[in-house]
Amino acid sequence: MEAFSALKTPVFQMDPSDIQSALKKLGQVGKDSLSPDSRTALFYRQENSLLWIDRQGVKPVADTLLNALRQMNTIGFSGSHLNVKEIEKDLQRCQLLDFDERHPAKEVIPRLEYNMTRAYLLYLTGQRYGFVNPRAAIGGMYDVAIERPNAAFYQSAFRKILCDSVGESLRAAEPQTPLYRQLKQQLTDSVSNESRRRILVNMERCRWRDKQPMPTTGRRIVVNIPAFMLYAYGPDSTMEMRIGCGKVITKTPLLSSAIEYMQVNPEWSIPQSIVNNDVLHHAGDSSYFARHRYYIAERATGKKVPVGSVSSSMLASGKYRVAQDGGRGNSLGRIVFRFKNNFSVYLHDTSTPAFFQNAFRGVSHGCVRVQRPFDLACFLLGNTVDEWTFDKIRISMDIPPVTEQGREYVRTHRPEENENGRKLPHRLVATLQVTPHVPLYITYYTLFPDMSGQLRTYPDVYGYDQTIWTYLKKYI
């Protein structure tokens, strides 16, 4: 070996300790995070073996990754944030042994190794879980439990490199939903910056996948807020209707749940926030409460108390509940559809249906008002109930019955009246279970297919497109 020492060329000299030291310097880790950048730095801080390079040189799997990175334009990405051009140059230097004093092997090798691992993890994680975390972009109004990368995911990703399965893993990570494929295809035909931006933001939404998908029942309800529309999909029928949703200052949350039951002629227990904003300054005004059919009850006992005996400070204390009697004129309308969520929102009828003619229908405190509530009830119940049950719902909602039994009931039963002489609704049915529960998705897509499958463009009513774009544009 001493005889060969004179042949040493400094730009080709490498020492394992120098490589490890250089890799550690390339990434700084403050804590063990699950982000791709932090995972890359942590991997090399722990002095793991190189993934892309061995004693024989650069492994063929490196070319596989580079080819995949070169195809990022198909999803609208430039690759600059992933240092693709630097990877390309360093890979060529290694393959051609094109080292010099400005680019010695001991600097090129660790830089290439580090950048390839980082680019691979960023691309893989982004395609699989999203390049943008919706909780960071949208905040608390995004209430969907989505999948996020964990330590096991990253360990699997490293193994894919070692067994030369990088191309396969990247292909498997990309969303395969019809909407994503439709958007990706439209991206190739789009020319304007505004159109491309809208497509890319909605493609990103397709990458956010539910951690616990709703069980498949053959039926599902999708509410798309920018479209102000509800879509009902079933194995043998589909339906759409207009909706009203939360105002900009009282946004409807985005969520996944399942409709469990419906209530006919529900009482409206007014949320404390609405009491504070809209009812408080009417404290003691009996005519106001009578006009709106509101009553006040103690929360602790449920006992109704005279309106004139409750001051505004008593209402603000939260010890008293303000509610509206069910029936005609109730703010929830004649029927409400209940599902579990963290915001106390629901789908419901409305006593003011005229707003459905407006193009912009952000009108509520967060709940979703539906244009044809009885049709929605029929869709949810399907063939689980008989025609008489449907007629009982109709009669209770003051809709003319269609069965002879229903018509006979209306002829022979006069509605009762309350103490003020107001006619009370027929209460043939109060609560109906939806069995099995029907999945519900309240979503936000500014590009979404109509019932014919044609992509339609909708306004960014809550400004979420712009917020997501501020996170996404670094990849473009």
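Residues numbered from 1 in each chain as written. Predicted model: local features only at pLDDT ≥ 70, side-chain atom pairs only at ≥ 80, totals over all residues. Heavy atoms only, no water.

Asks: When you look at the overall build of the protein chain in this model, what are you seeing that I'm missing?
Replies: What the protein chain contains, in helices and strands, is 17 helices and 18 strands. Its C-alpha atoms give the protein chain a radius of gyration of 31 Å, more than 25% over the compact-globule value 23 Å for 476 residues. Along the longest, intermediate and shortest principal axes, the C-alpha atoms of the protein chain span 115 × 50 × 40 Å. Evaluated residue by residue, the protein chain yields a buried proportion of 48% over its 476 residues. A separation of at least 24 residues holds for 68% of the contacts in the protein chain among residues at least 6 apart in sequence. Summed over its atoms, the accessible surface of the protein chain is roughly 24,000 Å², and 49% of this surface lies on carbon and sulfur atoms. Both charge centroids of the protein chain, one from 61 positive and one from 47 negative side chains, sit 4 Å from each other. (Helix = DSSP H or I, 4+ residues; strand = E, 2+ residues; numbered from the N terminus. Rg over C-alpha atoms; globule rule 2.2 N^0.38 Å. Buried < 20%, exposed > 50% of the residue type's maximum accessible area, 1.4 Å probe, protein only. Contact = heavy atoms within 4.5 Å. Areas by Shrake-Rupley, 256 points an atom, 1.4 Å probe, with all protein chains shown as cover. Lys, Arg positive; Asp, Glu negative; His and termini not counted. Charge placed at Lys NZ, Arg CZ, Asp CG, Glu CD.)

Asks: Looking at this model, I keep getting lost on the pattern of salt bridges. Mind explaining?
Replies: Pairing between side chains of opposite charge can happen when their charged atoms approach one another. For the structure shown, the criterion picks out 22 salt bridges. Between Arg70 and Glu88 there is a salt bridge, with the nearest N and O atoms lying 2.6 Å from each other. Taken together, the positions of Arg70 in helix α3 (residues 60-70) and Glu88 in helix α4 (residues 84-96) put the pair 18 residues apart, joining distant regions of the chain. Residue Arg70 is classed as partly exposed on the basis of its relative accessible area, which comes to 41%. Several salt bridges converge on common partners, so that one network encompasses Glu86, Asp90, Arg93 and Arg111. (Salt bridge = Lys/Arg side-chain N within 4 Å of Asp/Glu carboxyl O.)

Asks: What should I look at first to understand the side chain of Arg219 in this one?
Replies: Relative to the helices and strands, Arg219 is located in the loop between α10 (193-206) and β4 (220-224). In this structure, Arg219 is buried with no salt-bridge partner, the nearest side chain bearing the opposite charge being Asp236 at 7.6 Å. Here the side chain of Arg219 touches Phe379 through a polar contact of 2.8 Å, landing on its backbone oxygen. At 2.5 Å, the side chain of Arg219 forms a polar contact with the backbone oxygen of Leu380. (Polar contact = N/O pair within 3.5 Å; in protein donor to acceptor, adjacent residues only side chain to side chain.)

Asks: Mind showing me how you'd approach the environment of Pro235 here?
Replies: With respect to the secondary-structure elements, Pro235 resides in the loop between β5 (229-233) and β6 (238-246). For the pair Pro235 and Ala290, spaced 55 residues apart in sequence, the C-alpha to C-alpha distance is 46 Å. Discounting chain neighbours no more than four positions away, the residues touching Pro235 are Gly218 and Arg219.

Asks: Help me understand the packing of aromatic side chains, please; the structure alone is not making it clear to me.
Replies: Counted by the stated rule, this structure contains 22 aromatic pairs. Geometrically, the ring pair formed by Phe153 and Tyr154 is edge-to-face, given 5.3 Å between the ring centres and 70 degrees between the ring planes. The exposure classification of Phe153 matches that of Tyr154, with both residues buried. Aromatic rings pair up to connect Phe43, Tyr44, Tyr114 and Phe158 into one cluster. Its guanidinium or amino end placed over the ring of Tyr295, Lys304 lies 4.2 Å from that ring's centre, counting from NZ or CZ. Here the basic side chain of Arg338 rests over the ring of Tyr346, its NZ or CZ set 4.5 Å away from the ring centre. (Phe/Tyr/Trp six-rings, centres within 6.5 Å; stacked < 30°, edge-to-face > 60°. Lys NZ or Arg CZ within 6 Å of the ring centre and 35° of its normal.)

Asks: Would you mind going over the sheet that holds strand β10 (residues 304-305) with me for this structure?
Replies: Strand pairs in the sheet, formed through backbone hydrogen bonds, run parallel or antiparallel to each other. One open sheet accounts for four strands, arranged β8-β11-β9-β10; its pairing is antiparallel. If you trace the sheet from one side to the other, it starts and ends with β8 (268-269) and β10, each paired once. (Pairing = 2+ DSSP bridges.)

Asks: Got a minute to help me understand the pairing of strand β16 (residues 431-443) in this structure?
Replies: The two faces of a sheet get side chains in turn, since along a regular strand they alternate between them. Where β4 lies against β16, four bridges are found, and the strand directions are parallel. Counterpart to Val222 in the pairing with β16 is Tyr441.

Asks: Got a minute to help me understand the packing of α10 against helix α17 (residues 464-472) in this structure?
Replies: A pair of packed helices can be characterised by two numbers: the angle between their axes and the separation between those axes. Direction vectors running N to C along α10 and α17 enclose 85 degrees, while the axes themselves pass 10 Å from each other. By the angle between their directions, the pair α10 and α17 is classed as roughly perpendicular. Contacts between α10 and α17 involve Arg197, Arg198, Leu200, Val201, Asn202, Glu204 and Arg205 on the former and, on the latter, Tyr464, Asp465, Gln466, Ile468, Trp469 and Leu472. In terms of residue class, the contact of α10 with α17 is built from six nonpolar, two polar and five charged. (Axes fitted to C-alpha atoms, helices over the stretch in contact; angles between N-to-C directions. Parallel < 35°, antiparallel > 145°, perpendicular 65-115°, else oblique. Nonpolar A, V, L, I, M, F, W, Y, C, P; charged D, E, K, R; others polar.)

Asks: What is the right way to look at the environment of Asn358 in this model?
Replies: The topology assignment puts Asn358 in the loop between β13 (347-348) and β14 (362-364). Through-space distance from the C-alpha of Asn358 to that of Arg242 is 10.0 Å; in sequence the pair is 116 residues apart.

Asks: Explanation requested: unusual backbone geometry in the structure shown.
Replies: What you tend to see is this: most non-glycine residues have negative phi, and most peptide bonds are trans. Here Thr435 and Pro436 are connected by a cis peptide whose omega angle stands at -5 degrees. Locating Pro436 in the fold gives a position in strand β16. One non-glycine residue, Asn83, lies in the positive phi region at around 55 degrees. The topology assignment puts Asn83 in the loop between α3 and α4. In the Ramachandran plot, Asp398 falls in the positive-phi region, its phi being about 65 degrees despite a non-glycine side chain. With respect to the helices and strands, the residue Asp398 is situated in the loop between α15 (387-396) and α16 (404-412).

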